Amino acid sequence: MSQQAVPIDPHETLYLPMRRRFMSEYVQTEEGTTELRIYYGLKEISIEEPELHAFGENLLKQDSFMAGVATRWSTGEPLPWERVKELLEHLLSENILSREAPKLAAETDYHKMIMAAEAKRPAPESPLWWNPDTEGVLKQLVGRPMEFGFLEAMLPVHRAAHAALDAEGRHIGENNVFPDSMRMRMETEWRMCPYPGSRFRDDALMNVTALKSMTKVWKPSLQAMLILRDEFLKRYPLLPDGQWRIGDLHAFSCAVLALPSMMLLRGENPVPNGTLDPLLSSVFRVTDGVRMVSIYLMFLPEQPMPYETPINPASLLHLTERDNHFLSTRGVCAGPPHMVEEFFATMLDGKPLAGEPLPPPTWLEEIPAAFDYGLRGLQLYSLQFTLWAHMCHTYERLRDIILQAEAPKDTGWGRLRERLEKDWKIIQPTRQHTEVQRSWAKARYVEMYDRAQRGLRGFSEDKLQHISDVFSPAKDAVHEETVQQLRALFRERAPAPEGANPELTDRLADVLADYITIERSAVGTLDNVQREVNKLLKREHPKRHFTNLDLSIHHRLRFATIGVLPYLMEVFREELGLTIQDDVASVTITPGNPRAVAA
C-alpha cells in the first residue's frame, strides 16, 4: 500500500519539501466571489470557500507541521478534523505534501536523462552560421538550399542570431538555439536552483555558466538597456500613466534582439562569427526571456491581453512566475531574483544606473537601422504566422470533407483521410484547431503588423499596408487554372469512394486551391518585405521569387520542437505524389509517386 493510501493521523508530521516554490493570489471570479489560488509549478490549487482561505495562507508558511495543527488554520472556530484530513490527503496524493523529510540532491533523474540525450544528440563539430553560407547550411540540415537573401522571410528575425558564437565561444541562444541542429555541444556548469518561486529545486537545473557570463557584464547590460529603451520610446511613447503596452514591450524586445542580429547578418562588414561582444549576447539572452513571456500573454484568448494592455515590472514578474515562464524542458532561468527585478525595473521603468557612469558603447550609431530591422522582422513574423492560422483552417475544411466517406487505406482517398487525421492530432496541442484561437491570433498579428510599420523611419499613412488585404486576395486566372488542375489530378489519384457523393473530390480540390491563392499572396508579400530588409542590411536580393517551399523549410527546421505544425503541401506530396510549388505569380504542380507505405 502506498504512503498516500494510509490515512493521515493528526499526530504525524507532514512536510512541504518545495514550499518555496509556492506563489498565490486572490482572484475575483465571474460570479463575484473571491478565490484563493495557489500555484505550485504546473499545478494550481483553487480554494473557493472563504472559511478555508486562512488554511491556504497558513499552508504557504510551513516547511513541516503536525497534521492536527492544521485544524487551527482558521479565522474563527477550529476546522473539523475530518475536513482537514480530507484536504491534507488530497495534497498528499498530488505530491504537494510528503510524509518524508526532504533530501537534498545536487542532481535529478530528469537532468541525468537530459544529459544522456544530449550525449547522443547529433551535433555539429564545427560552427554552422548563416552569413554568408545559408545555402550550404540548409543543404546540410534539410537537403534544400536557399539564398541568404531570403533568410528572414523563412526564419523569424528574433531567432536568426541564435546559432552565432560570441567572443566567449558560446552560442548567443545558449541551450535554446534554433534550429537545434545548429547547436554544438558546450561545456556547461549546471546547478539545482535555490531561488524561491516556481523554479525552486526544479528537476531541470539552471545554467550557471550563462549566469557567470551575464554577471561579468551586468552593469554594462543595464546601461545598454537604458540606451535602447530611450531610443525605442522616441518611436513608441508610453501610455499616459507611464506603463507599457504589452505589444510594444514585445516589439521592444524584438528590436533589442535585432541589434546583434543585424551586426552579424548584414552584407557589409558583418561582425565575424565568434567575435561578438559578450555584452550583446548577454543582453540578447535576458531580453529574449521578456519577448517569450510577452508574446505568450498576448495569445491567450481565455486571458485577454491585446496589444494595448498595460503592463509594468510588478505585473510582468507576477505573470512570469504564475505562468511558469522561468521553467523550460532543458533548464530553469538562472537569474537571481534581485537581478530579474532590477532588469525589469530598468527595461520598463528606466531605473537609473547606480554608481559612476560608464563610457558610451561603440554600437550607438547602429541602433536606428537595427530597430528598423527588428520592426521589419515583426512584419515578416506576422505574415508567416497568420498564414499558418489560415493553413490550419484549411486542414479543418479538408478534414470535414474527407471524413464524410471512408475508403481502404491503400487508396488515395484512404491515405489522405489517415494523414489528415494524423496531422490534425499534431495541430491540436497548438490550439490552432479552434476558430477561437485562430481568430484571436490573427487579430494580434493585425495589431503587430500595423504597429510595426508605424515605427519605421520615414513612415507615412499613405504607405500603410493592411495585413487583411494580404490574406483576402482576388481569385485570378492562376487560381482558376489551379482549380482545374487539382480537380483533374484528385479525380485521378483520390476519387471519392464508391457510394459517396462524387462531388466531394472536387470540393477537396477547391478548398486546397483557395489556400494556395492565399499562400501565393502571403509569400509575395514576404518577398516584398524581405527586399526592404536586404536594402537595409545592404545585401543582394535573390533574382527569383520567394516560394512556399522556401517558407516550408521553417517547418522542417522545427521538427520535434514544441508547438511544431505540419505543412499542408507535404500531405499531397507524400500521399498523392503531387509536389505543389507556388509564388506570387504562378503555381506549378508536378505529379510523381507517393511515398511508399510500410507493409
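The structure presented is a predicted model; accordingly, all values stated were derived computationally and were not measured.

### Remarks on the environment of Phe 22
- With respect to the helices and strands, Phe 22 occurs in strand β2 (residues 22-28).
- For Phe 22, a relative accessible area of 11% gives the class buried.
- The spatial distance from the C-alpha of Phe 22 to the C-alpha of Arg 322 is 9.4 Å, given a sequence separation of 300 residues.
- Those residues in contact with Phe 22 that sit more than four places away from it in its chain are Leu 16, Ile 38, Tyr 39, Tyr 40, Leu 60 and Ile 96.

### Examining the layout of surface pockets
- Considered as a void within the structure, the second largest pocket measures approximately 1000 Å³ in volume.
- Met 18, Arg 21, Tyr 40, Arg 201 and Asp 203 are, among the 41 residues lining the second largest pocket, the residues nearest its centre.
- Class assignment for the residues of the lining of the second largest pocket results in 17 nonpolar, nine polar and 15 charged.

### Let's talk about the packing of aromatic side chains
- Under the defined criterion, the tally for this structure stands at 16 aromatic pairs.
- Aromatic pair Trp 218 and Phe 343: ring centres 6.4 Å apart, planes at 45 degrees, arrangement tilted. With a gap of 125 residues between them, Trp 218 in helix α8 (residues 218-235) and Phe 343 in helix α12 (residues 337-349) connect regions that are remote in the sequence.
- Taking the relative accessible area as the measure of exposure, Phe 343 reaches 3% and is therefore buried.
- Measuring from ring centre to ring centre gives 4.9 Å for Phe 232 and Tyr 236, while their planes differ by 25 degrees; the resulting arrangement is stacked. The pair Phe 232 / Tyr 236 is uniform in exposure class, with both members buried.

### What to know about empty space enclosed by the protein
- Scanning all chains against the criterion turns up three cavities of 30 Å³ or more.
- Taken as a whole, the largest cavity spans an internal volume of roughly 50 Å³.
- Elements with a contribution of two residues or more to the lining of the largest cavity: α6 (157-160) and α13 (367-402).
- At four residues, α13 tops the list of elements feeding residues into the lining of the largest cavity.
- Here the lining of the largest cavity is built from residues that sort into four nonpolar, three polar and no charged.

### Concerning the sheet that holds β2
- Taken in spatial order, the three strands line up as β2-β3-β4 in an open sheet, and their pairing is antiparallel. In this open sheet, the two edge strands, each paired with only one partner strand, are β2 and β4 (43-47). Taking each pair of neighbouring strands and ignoring which way they run, the sheet shows an average axis angle of 25 degrees.
- Sitting on the sheet, helix α11 (residues 313-322) is in contact with β2 and β3 (34-40), with an inclination near 110 degrees to β2.

### Considerations on the pairing of strand β10 (residues 578-582)
- Burial along β10 is one-sided: Leu 578, Ile 580 and Asp 582 are buried, while Thr 579 and Gln 581, pointing the other way, are not.
- In terms of strand pairing, β10 meets strand β11 (residues 587-591) through five bridges, oriented antiparallel. Bridged to Thr 579 within β11 is Thr 590.

### Considerations on the state of the cysteines
- If you walk through the whole model with that rule in mind, you get zero disulfides.
- Lacking any disulfide linkage, Cys 193 is separated from the closest cysteine sulfur, that of Cys 333, by 8.0 Å.
- Assessed through its relative accessible area of 0%, Cys 193 is described here as buried.

### Points about the pattern of salt bridges
- Inspection of every chain in the model, using the stated rule, returns 56 salt bridges.
- Glu 570 serves as the salt-bridge partner of Arg 573, at 2.6 Å between the closest nitrogen and oxygen. Pair noted here: Arg 573 and Glu 570 are both in helix α21 (residues 568-576), with a separation of three residues, about one helical turn.
- The structure contains a network of salt bridges with shared partners spanning Arg 415, Arg 419, Asp 423, Glu 570, Arg 573, Glu 574, Glu 575 and Arg 595.

### Regarding the side chain of Asp 288
- With respect to the secondary-structure elements, Asp 288 resides in helix α10 (residues 278-298).
- Sequence-distant contacts of Asp 288, that is, excluding residues within four places in its chain, are made with His 162 and Leu 257.

### Focus: the packing of α8 against α13
- Two numbers describe how α8 lies on α13: the axes approach to 11 Å, and their chain directions differ by 65 degrees. Like other packed secondary-structure pairs, α8 and α13 cross with a definite hand, here right-handed. In this structure, α8 contributes Ile 227, Leu 228, Glu 231, Phe 232 and Arg 235 to the contact, and α13 contributes Ile 367, Pro 368, Phe 371, Asp 372 and Leu 375.
- A class-by-class count of the residues in the contact of α8 with α13 yields seven nonpolar, no polar and three charged.

### A word on α8
- Between its terminal C-alpha atoms α8 stretches 26 Å, which fits the 26 Å expected from 18 residues at 1.5 Å a residue.
- Every buried residue of α8 is listed here: Trp 218, Ser 221, Leu 222, Gln 223, Ala 224, Met 225, Leu 226, Leu 228, Arg 229, Phe 232 and Leu 233.

Rules used in this analysis
Residues numbered from 1 in each chain as written. Predicted model: local features only at pLDDT ≥ 70, side-chain atom pairs only at ≥ 80, totals over all residues. Heavy atoms only, no water. Helix = DSSP H or I, 4+ residues; strand = E, 2+ residues; numbered from the N terminus. Buried < 20%, exposed > 50% of the residue type's maximum accessible area, 1.4 Å probe, protein only. Contact = heavy atoms within 4.5 Å. 1 Å grid on protein atoms, 1.4 Å probe; cavity = no way out; pocket = protein on both sides within 12 Å on 5 of 7 lines; lining within 4 Å. Points joined across faces, edges and corners; volume = space filled by probe spheres on them. Nonpolar A, V, L, I, M, F, W, Y, C, P; charged D, E, K, R; others polar. Phe/Tyr/Trp six-rings, centres within 6.5 Å; stacked < 30°, edge-to-face > 60°. Pairing = 2+ DSSP bridges. Axes fitted to C-alpha atoms, helices over the stretch in contact; angles between N-to-C directions. Disulfide = S-S within 2.5 Å. Salt bridge = Lys/Arg side-chain N within 4 Å of Asp/Glu carboxyl O. Left-handed = near helix turned anticlockwise from the far one by under 90°. Expected span 1.5 Å × (residues − 1).

All we've got here are geometric facts, nothing functional implied.
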